[in-house]
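The residues making up each chain are set out below.
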Amino acid sequence: MTYEPTALEAVRIVGGVGTGKTERLVERAADLALADGPRSVAAFCATPLAARAFAARLRERLGDAADDVLVTTPRAFALEVLDDNEARASTGRDPRLLTAVEEKFLLEDLKVSGIRPKRLREMLKFFYRSWTELADDDPDWLLPGEEAELHALLKESLGFMRAVIEPEAANLAVNHLRESEAARSAHRFAHVVVDDAHCLSRASQLLAELAASTSIAMAGDADACVRAFDSYPYAAGLDEFAERHPKARLVQLDAYLRSKVTARAAENVLADPAFEGHALAASDGAEEGALAVLASDDPADEFERAAAHLADAARAGVPASHMAVAVPNDVWARNMVAALEARGLRAEALPARQPLGGDARILERCLPARVLTALNLVADPNDATAWRCWCGFGDHLLNSAAFASLRKQGLSLAEALAAVDSGAAPHAVGMQRVADARREGLELAARADGLSGRSLLDEITRLVSDGAETSAPSVVARLCLADGEADDAASMARRARERLTMPTLSDGDAVAVVPYDLAVGLSPDTLVIAGFVNGFIPCRDYFDTTVTTLDKQEKMHAADARRIYALVGKAERVLALSHFASTDLETAGALKLKIDRIRLRDGVRTCSIAPSDFLTAIVGEA
Ligand SMILES: Nc1ncnc2c1ncn2[C@@H]1O[C@H](COP(=O)(O)OP(=O)(O)OP(=O)(O)O)[C@@H](O)[C@H]1O
């Protein structure tokens, strides 16, 4: 049976950055929770951090009753929808998102198609975007031949791993809800509110709508559309919402409610032609606020200077929980946290990318990933993704040929590996390596049985490294352990997956150090935008006309302008733009900075780095 949307009471809240959209939704959610009970309300936010901030604002109004309102992200909700037996059977998947390391194995499995890597990546991007836009509603959306074949291979490979890849999650959940009445009633709320809809994919927006039975309110601002958490944010969704709900009540918010100074900064950015003449005006009652430009000589000075700025704010009475630093990358995040802590300020960083790196092809270079994979095997000896990865580590092609031949048998991965155990697997390159890894994996799981917490992680590390290491890599311990808990393997594996695929901040009393695009949902009193230089924003390729065509350059500029607009407007009172003027050549190369000039200073080749092209636009100088 196919789902037909019923008439929902719909509200569309539109307005620029800082005009009170979230506040309206919080107010609405609180009123509805009081009227119809907190369990009748669900709030969808663009990122886990935004959900945390929304829940805190709701708590201020509702007290403990706020705990019974579901405040979540469409991604987490999609996995809940996919977590029942009917969904598992119809999708052939477990509700488990692939981590970045696991995605590398998927990619290698797709390379057996023989398609050149560049073309393969382009086609994958097309599939991923199309899934998020539900293009597969049209049965003829794929061209026959190479395109349809690669898509089939991708779906088969994901089915073999029984896992879900991020751009697919909301698509699978939408389709499951459309098809299953039982699923719809199990995941239904009388009232749904959706915040920052411009940062959500089309499938995420529709998923939230499918969860509503009586009313839906969606808030957004197409000008602030940035890739924050969903990989393909869909700004047009706000207009589509209006088309689907022609009787939707429109709430248009025009006054920027934060400080006058940050209003001017956001307004100045909006003057960019990319925004087609949109405007923003501070509300009459807003306080003045302040804008600071922190110019430093080099990165080390910058970290010091930015931290000193926030230490001064702390002395003036601003709590650390009301401060944020937006950073261009994890190097800046680490250094800012260290500089803030050195000044006695608590700070916590939200990673820009999953912290589990390494080279899966070389055993010695991927110990943390192998330890975490082994933990998954101990947690669930039938974990198909974990077995796929475990039996591929250390091989140049991650044993993709062997897995291709295992997959072709039409068995599940667990059944196919059982056949390997009994020597009944088809002959293929690398099959012996898979058989050996399988045996080692089973032995390891048996030896680790009964342990928990850090001792389990340490024992797995010892076994995985053949005794060379006796203590778990710190990144694995950070991902798996919670304060004072000696959890079993399953709890630690679940926690690590969640921290990798849905990262958030846990310390509510610390300065939030977040990537530029992940300030969604935050309203810090004082915001420092660090590393505000050319190369970080805009990125180096933007300036390189041999790499970037004029068309592409325009698109990059428009995307950056949206990022900056969404970011500067977040500061409640004080905005500080921090940049540095020089660094050594090696650092500049590694960080992909845009080098203006190279000079010899004290025998070191030193590069001049200019502040971001956006700085003058924000400050409003000619
Ligand atoms: N009705 C109101 N009266 C006074 N202040 C308000 C009102 N609504 C919101 N605010 C304050 O204005 C600021 C911005 O509000 P809010 O975060 O809801 O805006 P937003 O449009 O969701 O912002 P963003 O675009 O950054 O997500 C917050 O500090 C909030 O407390």
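- The name given to the chain in an unreviewed UniProt entry is DNA helicase, and the organism recorded there is Rubneribacter badeniensis.

Considering the overall build of the chain
- Along the chain, the regular secondary structure elements total 26 helices and 17 strands.
- In terms of C-alpha radius of gyration, the chain reaches 25 Å, essentially the compact-globule figure of 25 Å for 622 residues.
- Referenced to the eigenvectors of the C-alpha coordinate spread, the extents of the chain come out at roughly 75 × 70 × 50 Å.
- Looking at the chain as a whole, 48% of its 622 residues qualify as buried.
- Nonlocal contacts in the chain, meaning residues at least 24 apart in sequence, comprise 76% of its contacts between residues at least 6 apart.

Here's the deal with the environment of Ser 608
- Structurally, Ser 608 is set in strand β17 (residues 604-608).
- With 174 residues separating them along the chain, Ser 608 and Val 434 place their C-alpha atoms 51 Å apart.
- Not counting the four nearest positions on each side in its chain, Ser 608 is found in contact with Ala 581, Ser 582, Asp 596 and Arg 597.

Description of helix α22 (residues 489-501)
- Between its terminal C-alpha atoms α22 stretches 18 Å, which fits the 18 Å expected from 13 residues at 1.5 Å a residue.
- Considered for burial, the residues of α22 that qualify are Ala 489, Met 492, Ala 493, Ala 496, Arg 497 and Leu 500. All buried residues of α22 fall inside an arc of 135 degrees around its axis, so they share one side.
- Taken together, the buried residues of α22 touch α15 (367-379), α20 (453-464) and α21 (474-480).

Re the UniProt feature "binding site: ATP" (unreviewed entry) in the chain
- Under the present numbering, the feature "binding site: ATP" (unreviewed entry) in UniProt falls on Gly 15, Gly 16, Val 17, Gly 18, Thr 19, Gly 20, Lys 21 and Thr 22.
- Mapped onto the secondary structure, Gly 16 falls in the loop between β1 (9-15) and α1 (21-36).
- Given 25 C-beta atoms within 10 Å, Gly 16 falls into the buried group.
- Setting aside its immediate chain neighbours within four residues, Gly 16 contacts Asp 221, Asp 223, Tyr 256 and Leu 280.
- As for its placement among the helices and strands, Thr 22 is situated in helix α1.
- Look at Thr 22 and you get buried, because 23 C-beta atoms sit within 10 Å.

Remarks on the packing of helix α12 (residues 260-270) against helix α24 (residues 550-568)
- Viewed as axis vectors pointing N to C, α12 and α24 meet at an angle of 170 degrees, and their least axial separation amounts to 9 Å. In terms of orientation, α12 lies roughly antiparallel with respect to α24. Across from Thr 262, Ala 265, Ala 266, Val 269 and Leu 270 in α12, the residues of α24 making contact are Ala 561, Ile 564, Tyr 565 and Val 568.
- When the residues that make up the contact of α12 with α24 are grouped by side-chain class, the tally is 8 nonpolar, 1 polar and no charged.

Side note on the environment of Pro 351
- With respect to the secondary-structure elements, Pro 351 resides in the loop between β11 (347-349) and α15.
- For Pro 351, a count of 16 C-beta atoms within 10 Å translates into the label partly exposed.
- For the pair Pro 351 and Thr 504, spaced 153 residues apart in sequence, the C-alpha separation works out to 8.6 Å.

As for the site of the ligand
- Of all residues adjacent to the ligand, which total 15 residues, the nearest are Gly 20, Lys 21, Thr 22, Glu 23 and Leu 257.
- In terms of residues, the shell around the ligand owes the most to one element, α1, which gives 3 residues.
- For the shell around the ligand, the per-class residue count stands at 2 nonpolar, 7 polar and 6 charged.
- Shared between two domains, the shell around the ligand holds at least three residues of each, these being domain 1 (9-81 + 171-253) and domain 3 (260-353 + 507-619).

With respect to helix α14 (residues 330-342)
- Between its terminal C-alpha atoms α14 stretches 18 Å, which fits the 18 Å expected from 13 residues at 1.5 Å a residue.
- Among all positions of α14, only Trp 332, Ala 333, Asn 335, Met 336, Val 337, Ala 339 and Leu 340 are buried.
- Looking at the buried residues of α14, the elements they touch are α13 (299-315), β10 (323-327), β11 and β12 (511-515).

Details of the nonpolar core
- Ranked by size, the top nonpolar core spans 194 residues in total, and within it Ala 29, Ala 43, Leu 207, Ala 326, Met 336, Leu 375 and Val 513 carry the most contacts.
- Broken down by element, this core gets its largest block of residues, 9 residues, from α15.
- Those residues in contact with Leu 375, other than ones at most four positions away along the chain, are Ile 460, Cys 480, Ala 489, Met 492 and Ala 493.

Observations concerning the packing of helix α18 (residues 413-421) against helix α19 (residues 431-448)
- With their axes 9 Å apart at the nearest point, α18 and α19 run at an angle of 95 degrees to one another. With respect to α19, the axis of α18 lies roughly perpendicular. The residues of α19 that touch α18, namely those facing Leu 417, Val 420 and Asp 421, are Val 434, Ala 435 and Arg 438.
- A per-class count over the contact of α18 with α19 returns 4 nonpolar, no polar and 2 charged.

Observations concerning the sheet that holds strand β2 (residues 41-44)
- One open sheet accounts for 6 strands, arranged β3-β2-β4-β5-β1-β6; its pairing is parallel. Across the chains shown, the open sheet's two edge strands, defined by having one partner strand only, are β3 (70-72) and β6 (249-253). Geometrically, the sheet is characterised by an average inter-axis angle of 15 degrees between neighbouring strands, direction not taken into account.
- One ladder, built from 4 bridges, connects β2 with strand β4 (residues 189-194); its direction is parallel. Of the residues in β4, the one forming a bridge with Ala 42 is Val 192.
- On top of the sheet, helix α2 (residues 48-62) reaches β2 and β3; it is set at about 150 degrees to β3, its chief contact.
- Most of the contacts of helix α11 (residues 237-244) go to β1, to which it runs at about 150 degrees, and overall it touches β1 and β5 (212-220).

Quick look at the domain arrangement of the chain
- Considered domain by domain, the chain is made up of domain 1 (9-81 + 171-253), domain 2 (96-168), domain 3 (260-353 + 507-619) and domain 4 (363-501).
- Centre-to-centre separation of domain 2 and domain 4, based on C-alpha positions: 24 Å.
- Tallying the contact residues gives 16 residues for domain 2 and 17 residues for domain 4.
- Of all the secondary-structure elements, those providing two or more residues to the side of domain 2 that touches domain 4 are α5 (100-111) and α7 (146-161).
- No other element matches α5, which puts 6 residues into the side of domain 2 that touches domain 4.
- For the side of domain 2 that touches domain 4, the per-class residue count stands at 8 nonpolar, 1 polar and 7 charged.

Let's talk about the sheet that holds strand β16 (residues 597-601)
- Taken in spatial order, the 3 strands make up an open sheet running β15-β17-β16, and their pairing is antiparallel. Each edge of the sheet is formed by a strand with only one pairing partner; in this case those strands are β15 (582-584) and β16. Strand-to-strand twist in this sheet, taken as the mean axis angle between neighbours without regard to direction, amounts to 35 degrees.
- Bridge count between β15 and β17: 3 bridges; the pairing is antiparallel. Along β17, the bridge assignment pairs Thr 583 with Cys 607.

Calculation criteria
Residues numbered from 1 in each chain as written. Predicted model: local features only at pLDDT ≥ 70, side-chain atom pairs only at ≥ 80, totals over all residues. Helix = DSSP H or I, 4+ residues; strand = E, 2+ residues; numbered from the N terminus. Rg over C-alpha atoms; globule rule 2.2 N^0.38 Å. Buried ≥ 20, exposed ≤ 12 C-beta atoms within 10 Å, placed from the backbone. Contact = placed C-beta atoms within 7 Å. Expected span 1.5 Å × (residues − 1). Arc of directions from axis to C-beta. UniProt positions renumbered as here; feature names shortened; annotations may be inferred. Axes fitted to C-alpha atoms, helices over the stretch in contact; angles between N-to-C directions. Parallel < 35°, antiparallel > 145°, perpendicular 65-115°, else oblique. Nonpolar A, V, L, I, M, F, W, Y, C, P; charged D, E, K, R; others polar. Near = placed C-beta within 6 Å. Domains from an automatic or database assignment. Core = buried A, V, L, I, M, F, W, Y, C linked by C-beta atoms within 7 Å. Pairing = 2+ DSSP bridges.

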